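Read off the chains here:
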Amino acid sequence: MKHLFIIATGSAGKIRDFAHILGTEKYEFKTLKDIAFDEEIIEDGSTFAENAIIKSSTVAKWLQKKGITATVLADDSGLEVFALNGEPGIYSARYSGRHGADEDNNTLLMKNLQGVTDRRARYFCALSYQEVSPEEITDPKIFEGECRGAINHEPVGDMGFGYDPLFVPDGETRTFAQMELEEKKKISHRGNAIRALLHSGLLK
């Protein structure tokens, strides 16, 4: 029987990243939607790692109540611009005030970078790993991944989402939004965090 991974997301797209890197021969992957998880998760941590742990712990407790044995994986990620003291950081998705307003977030970032010559930045991901059984929940283990680059002076490209039209990874002249998904996955912050887990020796 395959080992069950619960990915703390409702996004089928995100689950493909985990399945692609960890493989499906020994593992089965399900989203929160797949298991009918309907609790609200309040992400009020002050770091990516704290928010990832809040998500994994909330889901782990829910699974334990249901008597389900599984491994929970929860990530929190965003963009950090070094000249802006790490902004937008954990507020990446709601930088302009409304969650998921990508165009407004990009516009605000460009405004805040007017006249700034140091445009170095990174996409960062913290991934929390917890094992759950009816008897116990293990302490969370955090795996991190990043992709370094710089912020373009204007958005370019129509692929991707979030700040992808502004983010040019190191060694590239194209933004993330100009790159095919498979290219982006090879260097993405989330992909690097998942690969860190893969090489940790934790997985059976």
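The structure this text deals with has already been given above.
The model shown is predicted, which means the values in this text are computed figures rather than measured ones.

Caption draft 1: Molecular detail of the overall build of the protein chain. Scanning the protein chain for helices and strands turns up 5 helices and 7 strands. In sequence order, the secondary structure elements of the protein chain are arranged as β-α-β-α-β-β-α-β-β-β-α-α. Relative to the 2.2 N^0.38 estimate, which gives 17 Å for 204 residues, the radius of gyration of the protein chain is 17 Å and therefore close to what a compact globule would have. When its C-alpha atoms are laid out on the principal axes, the protein chain stretches across 55 × 30 × 25 Å. In the protein chain, the proportion of contacts linking residues at least 24 apart, taken out of those at least 6 apart, comes to 59%. Separation between the mean location of the 25 positive side-chain charges and that of the 32 negative ones in the protein chain comes to 2 Å.

Caption draft 2: Seen up close, the layout of surface pockets. One number sums up the size of the largest pocket: a volume of about 1,100 Å³. The wall of the largest pocket is formed by 43 residues, among which Lys-14, Ser-77, Phe-161, His-189 and Arg-190 lie closest to the centre. Looking at the lining of the largest pocket, the elements with two or more residues in it are helix H1 (12-22), helix H2 (48-65), strand E3 (70-81), helix H3 (102-112), helix H4 (181-187) and helix H5 (189-198). Along its surface, the second largest pocket is lined by 15 residues, and His-3, Thr-71, Tyr-129, Glu-131 and Lys-204 are the ones closest to its centre. Looking at the lining of the second largest pocket element by element, the count peaks at 3 residues for strand E5 (residues 120-132). Along the lines of polarity and charge, the residues of the lining of the second largest pocket split into 7 nonpolar, 5 polar and 3 charged.

Caption draft 3: Molecular detail of H5. Listing the buried residues of H5 in full gives His-189, Arg-190, Gly-191, Ala-193, Ile-194 and Leu-197. The elements touched by buried residues of H5 are H1, E3, E5, strand E6 (141-151) and H4.

Caption draft 4: Representation of the nonpolar core in the model. With 17 residues, the main nonpolar core has Phe-5, Leu-22, Phe-29, Leu-73, Leu-127 and Leu-197 as its most contacted residues. Elements with a contribution of two residues or more to this core: strand E1 (3-7), H1, strand E2 (27-31), E5 and H5. Of the residues forming this core, the biggest block, 4 residues, is contributed by H1. In contact with Phe-5, other than residues within four places in its own chain, are Tyr-27, Glu-28, Phe-29, Lys-30, Thr-71, Leu-73, Tyr-129 and Leu-203.

Caption draft 5: Focus on the pairing of E2. Here E2 shows a clear split, with Tyr-27, Phe-29 and Thr-31 buried on one side and none of Glu-28 and Lys-30 buried on the other. Two strands pair when backbone bridges link them, and E1 and E2 are joined in this way by 5 bridges, in the parallel orientation. Across the sheet, the residue bridging to Ile-6 is Lys-30, located in E2. The parallel pair E1 and E2 is bridged by H1, and the resulting crossover is right-handed.

The rules behind each value
- Residues numbered from 1 in each chain as written.
- Predicted model: local features only at pLDDT ≥ 70, side-chain atom pairs only at ≥ 80, totals over all residues.
- Heavy atoms only, no water.
- Helix = DSSP H or I, 4+ residues; strand = E, 2+ residues; numbered from the N terminus.
- Rg over C-alpha atoms; globule rule 2.2 N^0.38 Å.
- Contact = heavy atoms within 4.5 Å.
- Lys, Arg positive; Asp, Glu negative; His and termini not counted.
- Charge placed at Lys NZ, Arg CZ, Asp CG, Glu CD.
- 1 Å grid on protein atoms, 1.4 Å probe; cavity = no way out; pocket = protein on both sides within 12 Å on 5 of 7 lines; lining within 4 Å.
- Points joined across faces, edges and corners; volume = space filled by probe spheres on them.
- Nonpolar A, V, L, I, M, F, W, Y, C, P; charged D, E, K, R; others polar.
- Buried < 20%, exposed > 50% of the residue type's maximum accessible area, 1.4 Å probe, protein only.
- Core = buried A, V, L, I, M, F, W, Y, C linked by side-chain atoms within 4.5 Å.
- Pairing = 2+ DSSP bridges.
- Right-handed = clockwise from strand over helix to strand, strands pointing away.

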